[in-house]
Structures are given as C-alpha cells and as structure tokens.
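Given next are the chains, with one letter for each unit.
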Amino acid sequence: MTLEPAASITVLTAGHAPAYKALRDEALRCAPEAFTSDYATAVQRPAQSYAPRLSMPADEGFFLGAWDTDGSLLGSIGCQREERPQQRHMATVVAMMVAPQAQRRGIGRQLLHACLTRAERIAGLEQLALTVTAGNAHAVRLYQRAGFTPYGLLPRAIVVAGVGHDKLHMLRLLPSSPLWQPIASHEDH
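Residues numbered from 1 in each chain as written. Predicted model: local features only at pLDDT ≥ 70, side-chain atom pairs only at ≥ 80, totals over all residues. Heavy atoms only, no water.

K.L.:
Please explain the pairing of strand β6 (residues 149-160) as it appears in this structure.
P.N.:
Moving residue by residue along a regular strand, the side chains alternate between the two faces of the sheet. Relative to strand β7 (residues 163-173), β6 runs antiparallel, the two being bridged by eight bridges. Considered in β7, the bridge of V160 is made with V163. (Pairing = 2+ DSSP bridges. Helix = DSSP H or I, 4+ residues; strand = E, 2+ residues; numbered from the N terminus.)

Written out as structure tokens, the structure reads:
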C-alpha cells in the first residue's frame, strides 16, 4: 500500500483569495448539499470578496489551507469566533472542504486536527460547534472521531433542487472548558 504524502497546512491570508475561491466554487458545484451557500451565487463573487474572511485577527479565528507539493490548494477549514461578549467562549467550524480529486487521502482529517490544535491556543475559547449534512456519513464519522458529539438535528435545513437535507449540529469542548473531560481517541492511525 502506497501512502499519499501529507499535505502542507498553512494559515490562509488575503493573498490566497483566488485559490480559495476556486476551491470553494468547485466544492459548491460538486457537493451542493454540503453547503448553505450555492454555486450560482458564489461563482459570481469576485475572489477578493473572500479576502476579509481570510485576514481576520488571530483571536477572532482563522482559515487553514492544505497544499499539495505542486502548490495546489487541496482543502480548507475555517474557525470563526463569536463576536458577542457573552458568546466569546464559542467558535464555529465552517467551510470544511476538500477538492474532489484529493478526497479520501486523509486531508480532511489533517485539516480538522490542525484546526483543533490552533483553536485550543486561542485564549478564552472553550468550545467549537459545527453543522454537517446528516446524510454524509463519512463526514459525520470524521467529526465524531475528532471528539464532536451531536446535539441536535435541523430537518430540511437546506433544499437543493427540491430535495431537503437535514443538518446535524455537533459540539466539541476544548481543554479550557470547565466542562471538558479527556476524550478517548477515535482517530484512525
């Protein structure tokens, strides 16, 4: 069995907006049920419209990119902290995507691990939430193995071409949380 080389994970910046837009447009086109944004709208957005998202202050959150050895952006994940003072202990994991040609190579797991590691270093951040399309068993398992637990289901959260898709809401406590308990590792190594 030949192992694929690991992707290089870096923090995305405003200068990465064109690569991010290309990855996002392709993800929206190939897996519309996985996103609340739609391809027809997103493809009209200029790449630079993503620059603010990719250049937020470090204590507000971050976006990470997984790069191939040839410099191609293979995937990304974001972590956005809540703005209101009474919710600053929470952040949302957003925009997890892996290019279709790079899927099933462990890149999603690598991105999620890097996201968790970086989020744990943000002062005062205690928990991460996310939503995932409930029918995407592979993604649900990925999040569960990383310690996320379901806390609710929103039926027909999005409708694509007349078909409703439920969104599973998941939560993971960070070590800084007063409710945190060590999680038995479920990672596949």
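Moving on from the coordinates now.
K.L.:
Can you help me understand helix α4 (residues 137-145) in this one?
P.N.:
Side chains that are three or four residues apart share a direction in an α-helix, a result of its 3.6 residues per turn. Residues of α4 that are buried: A139, V140, L142 and Y143. In a view along the axis of α4, the buried residues occupy a sector of 160°, so they form one face of it. Here the buried face of α4 lies against β4 (90-98), α3 (107-119), β5 (127-133) and β7. Among the residues trailing α4, G147 stands out with phi positive, at a value near 100°. (Buried < 20%, exposed > 50% of the residue type's maximum accessible area, 1.4 Å probe, protein only. Arc of directions from axis to C-beta. Contact = heavy atoms within 4.5 Å.)

K.L.:
I'm lost on the pattern of salt bridges in this one. Help?
P.N.:
When the charged atoms of two side chains lie near each other, side chains of opposite charge can form a pair. Tallied over the entire structure, the rule returns five salt bridges. The shortest N-O distance in the salt bridge between E26 and R29 comes to 2.8 Å. Of the two residues, E26 and R29 are both situated in helix α1 (residues 17-30); the distance of three residues between them amounts to about one turn of the helix. Here the salt bridges share partners, and the residues they tie into one network are D59, E60 and R88. (Salt bridge = Lys/Arg side-chain N within 4 Å of Asp/Glu carboxyl O.)

K.L.:
Looking at this structure, I do not really get the nonpolar core. What am I missing?
P.N.:
Note on soluble globular proteins: their nonpolar side chains tend to be buried together. In terms of nonpolar packing, the biggest core is built from 50 residues, with Y20, L112, L128, Y143 and F148 touching the most fellow members. Within the residue set of this core, elements represented by two or more residues are α1, β2 (61-67), β3 (73-81), β4, α3, β5, α4 and β7. The residues touching Y20, leaving out its near neighbours within four places in the chain, are L12, Y50, R53, L54, F63, L73, S76, A95 and M97. (Core = buried A, V, L, I, M, F, W, Y, C linked by side-chain atoms within 4.5 Å.)

K.L.:
Would you mind showing me how to read the side chain of K167 here?
P.N.:
Of note, K167 is situated in strand β7. It is E33 that comes nearest to the buried, bridge-free K167 among opposite-charge side chains, at 8.7 Å. A polar side-chain atom of K167 sits 3.0 Å from a polar atom in the side chain of T133. Residues in contact with K167, not counting those within four places in the same chain, are E33, A34, F35, T131, V132, T133, A134, G152, L153, L154, A157 and I158. (Lys, Arg positive; Asp, Glu negative; His and termini not counted. Polar contact = N/O pair within 3.5 Å; in protein donor to acceptor, adjacent residues only side chain to side chain.)

K.L.:
Before we go on, may I ask you to explain α1 in this structure?
P.N.:
For α1, with 14 residues, the first-to-last C-alpha span of 20 Å sits near the 20 Å given by 1.5 Å per residue. For α1, every residue scored as buried is listed here: A17, Y20, K21, L23, R24, D25, A27 and L28. Taken together, the buried residues of α1 touch α2 (39-42), β2, β3 and β4. (Expected span 1.5 Å × (residues − 1).)

K.L.:
What exactly am I supposed to notice about the environment of P100 here?
P.N.:
Take P100: it is sitting in the loop between β4 and α3. In this structure, the C-alpha to C-alpha distance between P100 and G75, residues 25 residues apart in sequence, is 9.4 Å. Apart from the residues within four sequence positions on either side, P100 is in contact with E26 and C30.

The values reported here are purely geometric and, on their own, carry no functional implication.
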